[in-house]
Amino acid sequence: MTEPIRVLVVEDDPVAADAHVLYVNRIPGFQAVGKAHSAAEARFALDRTQVDLLLLDLHLPDGHGLQLARTLRAAGHRADVIAVTSARDLTVVREGVSLGVVQYVLKPFTFATLRDRLTRYAEFRTAAGEATGQDEVDRALATLRAPSPAALPKGLSGPTLERVTRTLRDAPSEGVTAAAAAEAVGISRITARRYLEHLVTTGRASRNPQYGHVGRPEYVYRWLTSTA
């Protein structure tokens, strides 16, 4: 029986850390062997536990995650790293690549997103033997890359989707209606609802009826975060 890939979750938010542990343990072939809320806790855990992969938040209370990765490499730790972060600075991404970060997962994310990244990582780890040529090397490396984003439904645009997404992310915990989103973005209610429904269909938002309205029900939309 193949040993599971042992994962250490490094995340300063206790709620998010618990959620990421649950996510990892739901994916066949992976096992969360612990969690750390700081760089110091991560180093302590790595000195005492066999770990294959770090699910590493970059913003830790006692230092940057990439500094932790650099320290671990210098100390001889060979665990791979998948960065889990809200940072979108491509300079940070390039630095992470130089330190051996194999994947980036941007917060907030869904279980499906993490499952895809970890599954690809597992496929990459199974590659063995000698490549017969460049094509085989390229295929092995390609397993780490996410597929190209699917085309948006006809009539939807990327910039408007980004604005609607931002509005939903920044909304209060009770969510927003299509009318409220339309006003915030500066589009019609019908258009806003199309974008919101797209986010529901792709698993990034939830939709619940708002009771007390006469006639056609009004819906409230909420962003689904990684801790949902």
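Before any of the text, the structure's been laid out above.
Now for a description of the structure that goes with this document.

### With respect to helix α8 (residues 178-185)
- Inspection of α8 places Ala 178, Ala 181, Ala 182 and Val 185 among the buried residues, and these make up the whole buried set. The arc that holds every buried residue of α8, seen down its axis, measures 100°, which confines them to one face. The exposed set on the far side of α8, more than 90 degrees from its buried face, consists of Glu 183 and Ala 184.
- Summarising the contacts, the buried residues of α8 are in contact with α7 (158-169), β8 (176-177), α9 (189-201) and β10 (218-223).
- Residue Gly 186 follows α8 closely and has a positive phi angle near 90°.

### A word on the packing of α7 against α8
- At a minimum axis separation of 10 Å, α7 and α8 run at an interaxial angle of 120°. Looking at the two axes, α7 sits oblique to α8. When you trace α7 past α8, the crossing you get is right-handed. Note on element contacts: α8 touches α7 through Ala 181, Ala 184 and Val 185, opposite Arg 163, Val 164 and Thr 167.
- A breakdown of the residues in the contact of α7 with α8 according to their chemical character gives four nonpolar, one polar and one charged.

### Quick word on the environment of Ser 173
- Residue placement: Ser 173 occurs in the loop between α7 and β8.
- On a C-alpha basis, the gap between Ser 173 and Arg 222 in space is 7.4 Å, while along the polypeptide they are 49 residues apart.

### Some remarks on the pattern of salt bridges
- This model, assessed by the stated rule, comprises seven salt bridges.
- With a shortest N-O distance of 2.2 Å, Asp 18 and Lys 35 are connected by a salt bridge. Of this pair, Asp 18 sits in helix α1 (residues 14-25) while Lys 35 is found in strand β2 (residues 30-36), placing the two residues 17 residues apart along the sequence.
- For Asp 18, a relative accessible area of 36% puts it in the partly exposed group.
- When its relative accessible area of 42% is taken as the criterion, Lys 35 is described as partly exposed.
- The partner of Glu 218 in a salt bridge is Arg 189, and the shortest N-O contact between them spans 3.5 Å.

Analysis parameters
- Residues numbered from 1 in each chain as written.
- Predicted model: local features only at pLDDT ≥ 70, side-chain atom pairs only at ≥ 80, totals over all residues.
- Heavy atoms only, no water.
- Buried < 20%, exposed > 50% of the residue type's maximum accessible area, 1.4 Å probe, protein only.
- Helix = DSSP H or I, 4+ residues; strand = E, 2+ residues; numbered from the N terminus.
- Arc of directions from axis to C-beta.
- Contact = heavy atoms within 4.5 Å.
- Axes fitted to C-alpha atoms, helices over the stretch in contact; angles between N-to-C directions.
- Parallel < 35°, antiparallel > 145°, perpendicular 65-115°, else oblique.
- Left-handed = near helix turned anticlockwise from the far one by under 90°.
- Nonpolar A, V, L, I, M, F, W, Y, C, P; charged D, E, K, R; others polar.
- Salt bridge = Lys/Arg side-chain N within 4 Å of Asp/Glu carboxyl O.

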